[in-house]
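# A look at the structure
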Amino acid sequence: MRNTLRKVFGFHEFRPNQESVVRSLLEKRDVLAVMPTGGGKSLCYQLPALLLPGTCMVISPLIALMKDQVDGARANGIRAAFLNSSQNPDERDEVMRQLLSGSLDLLYVAPERFILSHFRETLSRVPLSMAVIDEAHCISEWGHDFRPDYLSLSDLVTLFPGTPVAAFTATATPRVQQEILDKLALRNPFIVRASFDRPNLLYDVRFKEHVDAQLVSLLNSNPGKAAIIYRTSRKSVNDTTAMLQAKGFRALPYHAGLSDLERKKNQEAFIRDQAEIIVATIAFGMGIDKSNIRLVIHADLPKSIENYYQETGRAGRDGEPASCTLLFSQGDIPKMRFFIDAMTDETERDRALAALSRVSAFAATSVCRRRTLLNYFGEQYPHDNCNACDICLGTREVVDATLEAQMVLSAIVRTEERFGATHIVDILTGSRNKKILDFGHDRLKTYGVGKGHDKKYWRRLIDELLAQKVIEKSEGLYPTLFLLPKASRVLRREEPFDIVRTLEKKATLPLPKSDNLPYDNKLFELLRTQRKQIADEQQIPPYVVFSDRTLHDMAANLPRTAEAMLTVSGVGEVKLQRYGRQFLRLIDRYCDDQA
Ligand code: ADP
Ligand code: ZN
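What you are looking at is a predicted structure, and each value in this text was computed from that prediction instead of being measured. (Residues numbered from 1 in each chain as written. Chains lettered and ligands numbered in written order. Predicted model: local features only at pLDDT ≥ 70, side-chain atom pairs only at ≥ 80, totals over all residues. Heavy atoms only, no water.)

### As for the overall build of the protein
Summing up its helical and strand segments, the protein has 26 helices and 17 strands in all. Relative to the 2.2 N^0.38 estimate, which gives 25 Å for 595 residues, the radius of gyration of the protein is 27 Å and therefore close to what a compact globule would have. Overall, the C-alpha framework of the protein stretches about 90 × 65 × 45 Å when taken along its three principal axes. Sorting the 595 residues of the protein into buried and exposed places 54% on the buried side. Contacts spanning at least 24 positions in sequence make up 71% of the contacts within the protein whose residues lie at least 6 apart. In the structure as shown, the protein presents an accessible area of about 27,200 Å², 52% of it carried by carbon and sulfur atoms. When the 81 positive and 75 negative side-chain charges of the protein are each reduced to one mean point, those points stand 2 Å apart. (Helix = DSSP H or I, 4+ residues; strand = E, 2+ residues; numbered from the N terminus. Rg over C-alpha atoms; globule rule 2.2 N^0.38 Å. Buried < 20%, exposed > 50% of the residue type's maximum accessible area, 1.4 Å probe, protein only. Contact = heavy atoms within 4.5 Å. Areas by Shrake-Rupley, 256 points an atom, 1.4 Å probe, with all protein chains shown as cover. Lys, Arg positive; Asp, Glu negative; His and termini not counted. Charge placed at Lys NZ, Arg CZ, Asp CG, Glu CD.)

Okay, here's the thing in structure tokens:
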């Protein structure tokens, strides 16, 4: 087992839970593994597939992904192929021939193929080492990606009684997990539920002010790095893409309004490192296996915590540090409410509202982001300080704003809860506009008491009061502010009102530490160029040639011989043979130049 790990995959250690899953499969036991993105699920079945006789059938819902998965396996010398509707009959016949002659270690198929009786008939004639179900949560009607085709997978255990079945997923609440077990009827399965913590990700939530400038500055501090920028609407995707292109960034759009062809082209360019930045709606991401995404930026509030976790989860699959930034403004909430209110299905609407309120609370509060995310999945984060979120890195300061809150509350009370935020701010700052004078609000006791701060300050404070549920905004075209029970406690000083302030100084947060040795950045860039050239020649994504982690390792250890190259993480025997010489030559030349 360890020998194969080293020789084929070029890895020297298992990631958490990989070894126990591999062992179970080698003992022909069924498995359910819930592991986060980047946890290394593919290796869990690819390795036993090499050691067990017969072909491992992998059922995977995403046709777009199959080719990359197969390319990835083949790059390590694994005999892999896929069968799906994107192929012509000749190509499919060729794969069938390989399957029947026993020359495939891995066969990826879409679930709709598994339903076909002639395909099942063929399967009954070949020895199967195991059946793997990728994205197993698609079988659950409770999950968010339910696929009716997946229900047919419950036939697996009866069709192949002696073959182990292994189900993998990166998203499963306990309820979904139980449904997977029940529907597949797994037999005394070995179950692993890994931690959902992604220690290599930095979570950073910032006040959204000037989105364009904030995006440019984030991208500028990460030159050349692969980034996904999520936006909610097609229009904002187009606008942001145009803005970035005008500033010279290689950015491409992705949303459901583009043609299939254009979407495919843009996705491909991103995966192949031809464009660093993809600006996208949530239509983008399912089936993105690209392991070297270094930045995920949410320029708008995500729909739910689950969405946020999944979307940010696409960063740093290779285990190298990556950052996730959410630009948040209370001003985004009414827009999202507008869409939710338009939903006709009442249950859907309630669910969406509850999700929105949780995700906005996540963004607005001052609790460790990692702790909140893990809590959401029912996991207790064991440390006080995660050292990799904006809260724990202390870039925020908690300020007691009870006095200021009282000013706002008393202005609302004195005007009988009949006015909106703008007017309240005008009262506090002592504006002399017509509305103030008409209502005689310049004679109020609170008139002008807030002159010490500007209007923006007061608007933010009102946002905070809304977020912390001290006040509420009425529905309708001219929303007015009114008090909630908590307000009277703040007014009576029974409860303090704190706000969290971002300190300007720490504009960029340090990324989580990687367990890599420090590496030579110039060499890394040269290695990256070499990788891209090979990938383009072979028409495969660069990360399939070598991961960022592998290139970092080379740039740190400077291997000069084939043996030394084999000690680099991610360099197995086949990759050494295929690419070793080119990379060794480059490192040689670089080291000689430096000498
Ligand atoms: P998942 O499918 O769980 O999201 P992948 O199977 O795509 O994860 O693996 C994520 C990355 O981790 C890949 O780049 C893979 O090569 C790498 N990886 C997997 N197992 C190991 C290991 N034992 N040591 C180092 N890297 C690993
Ligand atoms: Zn934290």
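### A few points about the packing of helix α15 (residues 346–364) against helix α16 (residues 369–376)
Packing of α15 against α16 brings their axes to within 10 Å, and their N-to-C directions diverge by 155°. On the basis of their axis angle, the class for α15 and α16 is roughly antiparallel. Judged by the sense of rotation from one axis to the other, the crossing of α15 with α16 is right-handed. Together, R358, F362 and A363 of α15 and R369, T372, L373 and Y376 of α16 make up the contact between the two elements. Of the residues belonging to the contact of α15 with α16, the class tally is four nonpolar, one polar and two charged. (Axes fitted to C-alpha atoms, helices over the stretch in contact; angles between N-to-C directions. Parallel < 35°, antiparallel > 145°, perpendicular 65-115°, else oblique. Left-handed = near helix turned anticlockwise from the far one by under 90°. Nonpolar A, V, L, I, M, F, W, Y, C, P; charged D, E, K, R; others polar.)

### As for the packing of aromatic side chains
In the structure shown here, the tally under the stated rule is 15 aromatic pairs. Each ring, one from F546 and one from F583, has its centre 5.1 Å from the other, and the planes form 75°; the classification is edge-to-face. Here F546, found in the loop between α23 (542–545) and α24 (548–557), pairs with F583, found in helix α26 (residues 573–594); they are 37 residues apart in sequence, far enough to count as distant. Side by side, F546 and F583 carry an identical accessibility label, which is buried. Just above the ring of F362 sits the side chain of R369; from NZ or CZ to the centre is 5.7 Å. Positioned above the aromatic ring of F207, the side-chain terminus of R460 is 3.9 Å from the ring centre. (Phe/Tyr/Trp six-rings, centres within 6.5 Å; stacked < 30°, edge-to-face > 60°. Lys NZ or Arg CZ within 6 Å of the ring centre and 35° of its normal.)

### Structural notes on the coordination of the zinc ion (ligand 2)
On the protein side, the zinc ion (ligand 2) has C368 (SG), C386 (SG), C389 (SG) and C392 (SG) as donor atoms, found 2.3 to 2.4 Å from it. Each of the four donor atoms bound to the zinc ion (ligand 2) contributes to angles spanning 102 to 115°, and the resulting shape is tetrahedral. When the donors of the zinc ion (ligand 2) are listed by position in the chain, the intervening gaps give C-x17-C-x2-C-x2-C. With C368 in the loop between α15 and α16 and C386 in the loop between α16 and β14 (396–400), this residue pair connects regions lying 18 residues apart in the sequence. (Donors = N, O, S within 2.8 Å, 3.2 Å for Na, K, Ca; no water. Tetrahedral: all angles 85-135°; square planar, octahedral: opposite > 155°, others 65-115°.)

### Overview of the pairing of strand β10 (residues 251–254)
Taking every second residue as pointing to the same face, both faces of β10 are buried, with A251 and P253 on one and L252 and Y254 on the other. One ladder, built from four bridges, connects β10 with strand β11 (residues 277–280); its direction is parallel. Note on β11: the bridge partner recorded for Y254 is A280. Crossover β10 to β11 through helix α12 (residues 260–271) is right-handed. (Pairing = 2+ DSSP bridges. Right-handed = clockwise from strand over helix to strand, strands pointing away.)

### A word on helix α11 (residues 234–246)
For α11, built from 13 residues, the straight-helix expectation of 18 Å at 1.5 Å per residue is met to within 8% by its first-to-last C-alpha distance of 18 Å. Buried within α11 are the following residues: S236, V237, T240, T241, M243 and L244. Take α11 and look down its axis: the buried residues cluster within an arc of 165°, on one side only. More than 90 degrees from the buried face of α11, the exposed residues found are K235 and A246. Looking at the buried side of α11, the elements it contacts are α10 (211–220), β9 (226–230), β10 and β11. After α11 finishes, the residue G248 shows a positive phi value of roughly 95°. (Expected span 1.5 Å × (residues − 1). Arc of directions from axis to C-beta.)

### Re the nonpolar core
Ranked by size, the top nonpolar core spans 106 residues in total, and within it M57, L156 and M554 carry the most contacts. Filtering out sequence-adjacent residues up to four positions away, M57 remains in contact with L107, V109, F114, F119, L123, L128, M130, A131, V132 and L156. Judged by nonpolar contacts, the second largest core, of 34 residues, contains V31, L43, L47 and M66. (Core = buried A, V, L, I, M, F, W, Y, C linked by side-chain atoms within 4.5 Å.)

### So, α12
An α-helix turns once per 3.6 residues; consequently, residues spaced three or four apart project the same way. An ideal rise of 1.5 Å per residue puts 16 Å on twelve residues; α12 measures up with 16 Å between its terminal C-alpha atoms. Within α12 the residues assigned to the buried category are R263, N266, Q267, A269, F270 and I271. Here the buried face of α12 lies against α4 (63–75), β9, β10, β11, β12 (293–298) and α23. Where α12 terminates, the next one or two residues include D273, which has phi positive at roughly 60°.

### Comments concerning the site of ligand 1
Taken together, 13 residues surround ligand 1, and among them E13, G38, K41, S42 and R317 come closest. A distance of 3.0 Å is found between an oxygen atom of ligand 1 and a side-chain nitrogen or oxygen belonging to R15. Here an oxygen atom of ligand 1 and a backbone polar atom of G38 are 2.6 Å apart. For ligand 1, whose free accessible area comes to 570 Å², the fraction covered by protein is 81%. The residue inventory of the shell around ligand 1, partitioned by class, reads three nonpolar, six polar and four charged. (Near = heavy atom within 4 Å. Polar contact = N/O pair within 3.5 Å; in protein donor to acceptor, adjacent residues only side chain to side chain.)

### As for the sheet that holds β10
Adjacent strands of a sheet form backbone hydrogen bonds with each other and so pair up, either parallel or antiparallel. Spatial ordering of the open sheet is given by β8-β13-β12-β9-β11-β10, a layout of six strands whose pairing is parallel. Whereas interior strands pair on both sides, the edge strands pair on one side only; in this sheet they are β8 (201–207) and β10. Sheet twist, expressed as the mean angle between neighbouring strand axes with direction ignored, is 15°. Two elements, β12 and strand β13 (residues 322–328), share four bridges in a ladder whose sense is parallel.

Nothing here speaks to function; it is all geometry.
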